[in-house]
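Working through the structure, step by step
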Amino acid sequence: MQFTHNPPDASALMSSARSFGNYDLSSAIADLLDNSIKARSTHIDILCVRRHGEAEVRILDNGHGMSAAELHQAMRPASTNPTTERAPDDLGRFGWGMKSASLSQCRRLTVVSHNGEIHTGAVWDLDDLADWKMGVLEPDEIKAVMNPRLKLESGTEIIWTRCDRLSEDGAIEGRGFNDMVAHAKSQLAMTFHRYLTGEEGIRKLSICFNGDNLKAADPFLRNHEATQSLPREVLQLRGHPIDVQAFVLPHYSKLTSADHERLGGEEGFVRNQGFYIYRQHRLIMHGTWFRLVRHGELSQLVRIAVNIPNSLDEVWKITLDKADAQLPSGLRARLKDIVDGLRGKSGKVFQSRGARIRPGSGTTPVWSKYVRNGEIRYYINREHPLLADLLEAKDEQLASAVGAAIGLIEESFPVLSIGDDVHAKGAVINQGAIDREAFVERLDAVLPSLLHRADGKLATLTTLLKTTEPWASHGLVVKEHLKSKGWWQDA
């Protein structure tokens, strides 16, 4: 057999590298922050702006910086072997991260670095790549482009220019660009939330994005008193530990609107339930059940954190953009057992909201219970303000029809069916509004009637809502909603 040298075309390969992975702005920046963490940075500044209609991105860290040789190695495509054993805190894998992530968004990548002794800089320009020609910056060129902070301290700055992918060749205007930046901020706050808080012995990291210090967005809301944190379990796979912990989020009635919106994200609670996969404490994917259970089959409040070491990258089939992974067969059975053990736990969170009739609780219930001679009967409370208004309507025909409808509902109460369901699968029964939006929508629908009953007095309306179900059990939601309308009045 004969051999011939047959290298790839530089321009074609690097242009193809733009489509490696499935990067957006947030995931591309996240790949670069991985390198900053590896360089032992404690602070990172991100600047993402539009200048004269052109997007420009700068990422500056205070890590140990690179020598010229180290920078040239880092700029080399596929600079490391993905099967090579790495330090436990190394968040890289393929040696493509900085290049593929950057070039997925821009056509010109500039990197300048200071290792405490020398300044060095290099450039990849997709429009000038003949024969793998990488630009090496002269000292005056480095000085012209770098952040002044690099003159005084070690670190690395990555600069994206000619960001055609961030503007879709000019199709994205100011508002669309700002939305993209806002989305990136929220995603990075969750992706690196464990680093932002410095939890579990992780070196704490601060990230400033366009002048705003990112606050950790914990997807499990562990600091909330109503969050159920189940016992942590350490599984073993090929001799390596995998940390697993399940959480059940609080019922929406116990969340502020800000917490509810952040936890639900852009796609809602159901799409955000499932496994949250961390690689060395950095979130790489979430909102999947790996086909162990269907989406929505468990309550929307269930989330399970799984932290894997970088030594198992190949087993988990971590993708280039670190945005996807596959569950190893050796873990499926145990994780399936954990998922099955959660059935009903989050259902009880919903079930407990307004489900019991509590005589003497000081609130007006929707349902009441009558006990006489050992016989129990449930009936709708006709003194409930919504029903009382209808039953006392001047239109006697309407009042009579409402009374008849209430009586029909009571007589048709499915006692035996409910009893069977409670016995067989009581933990998954939920009769209340399943989400905050539905509850608020119903509240808005009845507010005119309640305000009329309160003689138009907002203070009386506030008291009425505090003492009447189902609103009394959802006090935080009711208070925030009425405050947003300017209707809430504290006693």
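Below: a short report on this structure.

**What about the nonpolar core?**
Among the nonpolar cores identified, the biggest contains 46 residues, and Ile-29, Leu-33, Ile-46, Trp-160, Leu-188 and Phe-209 are the most heavily contacted of them. It is helix 2 (residues 25-38) that provides the largest number of residues to this core, a total of seven residues. Excluding its chain neighbours within four sequence positions, the residues that come into contact with Ile-29 are Ile-46, Ile-59, Trp-160, Leu-188 and Phe-209. Membership of the second largest hydrophobic core comes to 37 residues, among which are Val-244, Phe-275, Leu-292 and Leu-342.

**Overview of helix 15 (residues 396-411)**
The end-to-end C-alpha distance of helix 15, which contains 16 residues, comes to 22 Å, matching closely the 22 Å that a straight helix rising 1.5 Å per residue would cover. By the burial criterion, the buried members of helix 15 are Ala-399, Val-402, Ile-406, Gly-407 and Glu-410. Along the axis of helix 15, the buried positions cluster into a sector of 135°, meaning they face one direction only. Residues Gln-397, Leu-408 and Glu-411 are exposed on helix 15 and point more than 90 degrees away from its buried face. Among the structural elements, strand 16 (375-380) and helix 14 (385-391) are those in contact with the buried residues of helix 15. A side-chain oxygen of the first residue of helix 15 lies 3.1 Å from the backbone nitrogen of Gln-397; this N-cap is Asp-395.

**Observations regarding the packing of helix 2 against helix 7 (residues 174-191)**
Helix 7 packs onto helix 2 with a crossing angle of 45° between their chain directions and a minimal axis gap of 8 Å. Classed by the angle they form, the pair helix 2 and helix 7 counts as oblique. For the pair helix 2 and helix 7, the crossing hand works out as right-handed. Here Leu-25, Ser-26, Ile-29, Ala-30 and Leu-33 of helix 2 come into contact with helix 7, specifically with Met-180, Val-181, His-183, Ala-184, Gln-187 and Leu-188. Here the contact of helix 2 with helix 7 is composed, by residue class, of eight nonpolar, three polar and no charged.

**Some remarks on the pairing of strand 4 (residues 119-125)**
Counting buried positions along strand 4 yields six of seven residues, so the element is predominantly enclosed. Sheet topology note: the strand 3 (residues 108-114)/strand 4 ladder contains seven bridges and is antiparallel. Bridging across to strand 4, Leu-109 finds its partner in Trp-124. Examined bridge by bridge, strand 4 and strand 5 (residues 135-136) share two bridges and lie antiparallel to one another. Residue pairing for strand 5: Ala-122 is matched across the bridge by Val-136.

**Thoughts on a nonpolar patch on the surface**
Residues Val-371, Ile-376 and Tyr-378 make up a contiguous nonpolar surface patch of about 280 Å² in total accessible area. Position of Ile-376 among the secondary structure elements: in strand 16.

**Structural notes on unusual backbone geometry**
With an omega of 5°, the peptide bond between Glu-469 and Pro-470 qualifies as cis. Considering the arrangement of structural elements, one finds Pro-470 in the loop between helix 18 (458-466) and helix 19 (475-485). For Arg-162, which is not a glycine, the phi torsion comes out positive at approximately 50°. The topology assignment puts Arg-162 in the loop between strand 6 (155-161) and helix 6 (164-167). Here the phi dihedral of Asp-455 falls at roughly 55°; this positive angle occurs in a residue that is not glycine. Mapping Asp-455 onto the fold places it in the loop between helix 17 (436-453) and helix 18.

Calculation rules
- Residues numbered from 1 in each chain as written.
- Predicted model: local features only at pLDDT ≥ 70, side-chain atom pairs only at ≥ 80, totals over all residues.
- Heavy atoms only, no water.
- Core = buried A, V, L, I, M, F, W, Y, C linked by side-chain atoms within 4.5 Å.
- Buried < 20%, exposed > 50% of the residue type's maximum accessible area, 1.4 Å probe, protein only.
- Helix = DSSP H or I, 4+ residues; strand = E, 2+ residues; numbered from the N terminus.
- Contact = heavy atoms within 4.5 Å.
- Expected span 1.5 Å × (residues − 1).
- Arc of directions from axis to C-beta.
- Polar contact = N/O pair within 3.5 Å; in protein donor to acceptor, adjacent residues only side chain to side chain.
- Axes fitted to C-alpha atoms, helices over the stretch in contact; angles between N-to-C directions.
- Parallel < 35°, antiparallel > 145°, perpendicular 65-115°, else oblique.
- Left-handed = near helix turned anticlockwise from the far one by under 90°.
- Nonpolar A, V, L, I, M, F, W, Y, C, P; charged D, E, K, R; others polar.
- Pairing = 2+ DSSP bridges.
- Patch = residues over 30% accessible without salt bridge, like charges linked within 9 Å, V, L, I, M, F, W, Y side chains within 5 Å.
- Areas by Shrake-Rupley, 256 points an atom, 1.4 Å probe, with all protein chains shown as cover.
- Salt bridge = Lys/Arg side-chain N within 4 Å of Asp/Glu carboxyl O.

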